[in-house]
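What follows is each chain in one-letter form.
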Amino acid sequence: MDSAVSVVVPAVKVTALSKTFGCCKALDDVSIDIRPGEMVALIGASGSGKSTLLRHIAGLARGDGDRGSIEVDGRPMQTLGRLAQGVRKNRSGIGFVFQQFNLVGRLPVFTNVLTGSLARMPLWRSLSGFFPRAERELAIEALERVGILDKAWVRASALSGGQQQRAAIARTLVQKARIILADEPIASLDPESSRRVMEILARINAEDGTTVVVSLHQVDFATRYCPRAIALKTGAVVYDGPSAQLTPDLLRNLYGSQAEELTAARSTAMSSAAFITDPDVLSAAIAVH
Ligand SMILES: Nc1ncnc2c1ncn2[C@@H]1O[C@H](COP(=O)(O)OP(=O)(O)OP(=O)(O)O)[C@@H](O)[C@H]1O
Ligand SMILES: [Mg+2]
């Protein structure tokens, strides 16, 4: 046997996951493997199941009970609709970034970012509000990396949307997350802020080897920053492959009557002079209309 062959444990492994809400299937037999260090875009029209899938991977929701499982870093998160025993501990390695940032607005940015360390602190210490020096240094370093160190003592609510999202990403750095799940992190941002947020995620992915799964409405941002795309349609995976190979037909199939929304997102993104789009992908996307 070739000893050079090593088995890579997937960062995320979803097997035959379905989720039914009432009469509707939000996830329909989803199976995906994401290797450590990948940066993957999750795309699909509104209601296609992107948030639901991310929430399941994060251990925040349970799938249908008849079949299906999720492992993160080789550790079970859920099987047959039941959360695994160590799910809380496993969750601490997953940083979740939300569209609406989820910061505590009245607290300084620094404190918000420091809360990323709570999961590895004993309860008494987190209740005392006293954070060890090493954690505080980590927070400073994280703020510096995302370019908002000068905002450390400003109330989070006083930051712009893009700055708040960068603070939320800094929180995942302090958390020492091995996997970042970002659910529409740029949906409420202007094109320049969107570009900066995506660049920060890409840099963390490249420099730290952090696995990043990011749901996006904007196909051009997906192709620009994520080598791999997974496309969902009514809860089912309809494409999983290089984002550069997303075809006009597939995009038309994915977005259907929502194609106009996609156009709007794209034209806003295009208004950013600094934004460069792969010409092939751009022409493919334009051909949709
Ligand atoms: N808690 C819930 N109860 C009932 N139905 C739900 C619930 N959460 C999601 N759904 C349904 O599941 C489907 C998938 O929703 P989901 O929010 O995952 O889509 P999405 O791709 O994230 O959409 P968007 O791009 O608008 O954020 C939708 O039909 C939605 O209405
Ligand atoms: Mg969503």
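Throughout this description, residue numbers start from 1 for each chain and increase along the sequence as written. The order in which chains are written sets their letters, starting at A; the order in which ligands are written sets their numbers, starting at 1. Where totals are concerned, whole chains, interfaces and linings use all residues; where local detail is concerned, this predicted model gives features only for residues with pLDDT of at least 70, and gives and counts side-chain atom pairs only at 80 or more.

Student: Looking at this structure, how should I read the site of ligand 1?
Tutor: Surveying the vicinity of ligand 1 reveals the residues Phe21, Cys24, Ala26, Gly44, Ser46, Gly47, Ser48, Gly49, Lys50, Ser51 and Thr52. Strands are runs of DSSP state E lasting at least two residues, helices are runs of H or I lasting at least four, and both sets are numbered from the N terminus onward. Contributions of two or more residues to the shell around ligand 1 are made by β2 (24-34) and α1 (50-57). With three residues, the single largest contributor to the shell around ligand 1 is α1. A residue counts as near a molecule or strand when its C-beta atom, positioned from the backbone, falls within 6 Å of it.

Student: Please explain the nonpolar core as it appears in this structure.
Tutor: Nonpolar side chains in soluble globular proteins tend to end up buried together. By size, the foremost hydrophobic cluster in this structure holds 78 residues, and its most contacted members are Val113, Leu181 and Leu201. With six residues, helix α6 (residues 161-174) is the largest single contributor of residues to this core. Contacts here follow a simple rule: the backbone-placed C-beta atoms of the two residues must lie within 7 Å. In this view, leucine 181 contacts Leu54, Ile57, Ala58, Ile94, Phe96 and Val213; residues no more than four positions away in its chain are not counted. Note on definitions: a nonpolar core is a set of buried residues drawn from Ala, Val, Leu, Ile, Met, Phe, Trp, Tyr and Cys, linked by C-beta atoms within 7 Å. Counting other C-beta atoms within 10 Å of its own, a residue is labelled buried from 20 upward, exposed at 12 or fewer, and partly exposed in the gap between, with every C-beta atom placed from the backbone.

Student: How should I be thinking about the environment of glycine 235 in this particular structure?
Tutor: Here glycine 235 shows up in the loop between β10 (228-233) and β11 (236-242). When the 23 C-beta atoms within 10 Å are taken as the criterion, glycine 235 is described as buried. Here the alpha-carbon distance between glycine 235 and glycine 47, two residues 188 residues apart in the chain, equals 8.2 Å. With residues near it in sequence (within four places) discarded, glycine 235 still touches Lys25, Ala26, Leu27, Asp28, Ser48 and Gly49.

Student: I tried to follow the sheet that holds strand β8 (residues 179-183) on my own but got confused; where do I start?
Tutor: The strands making up a sheet associate through hydrogen bonds between their backbones, and the pairing can be parallel or antiparallel. Spatially, the six strands line up as an open sheet ordered β7-β8-β9-β3-β10-β11, and their pairing is mixed. In this open sheet, the two strands that pair with only one neighbour each are β7 (94-97) and β11. The mean angle between the axes of side-by-side strands here comes to 15°, regardless of whether they run parallel or antiparallel. Only strands joined by at least two bridges in the DSSP assignment are considered to pair. Taken together, the four bridges between strand β3 (residues 39-43) and β10 define a ladder with parallel strand orientation. Its bridge partner lying in β10, leucine 42 is registered against isoleucine 230. Set on the sheet, helix α7 (residues 191-208) makes contact with β3, β8 and β9 (211-215); between it and β9 the angle comes to about 155°. As a rule, the C-alpha atoms of each element are fitted with a line to give its axis, helices using only the stretch in contact, and angles between N-to-C directions run from 0 to 180 degrees.

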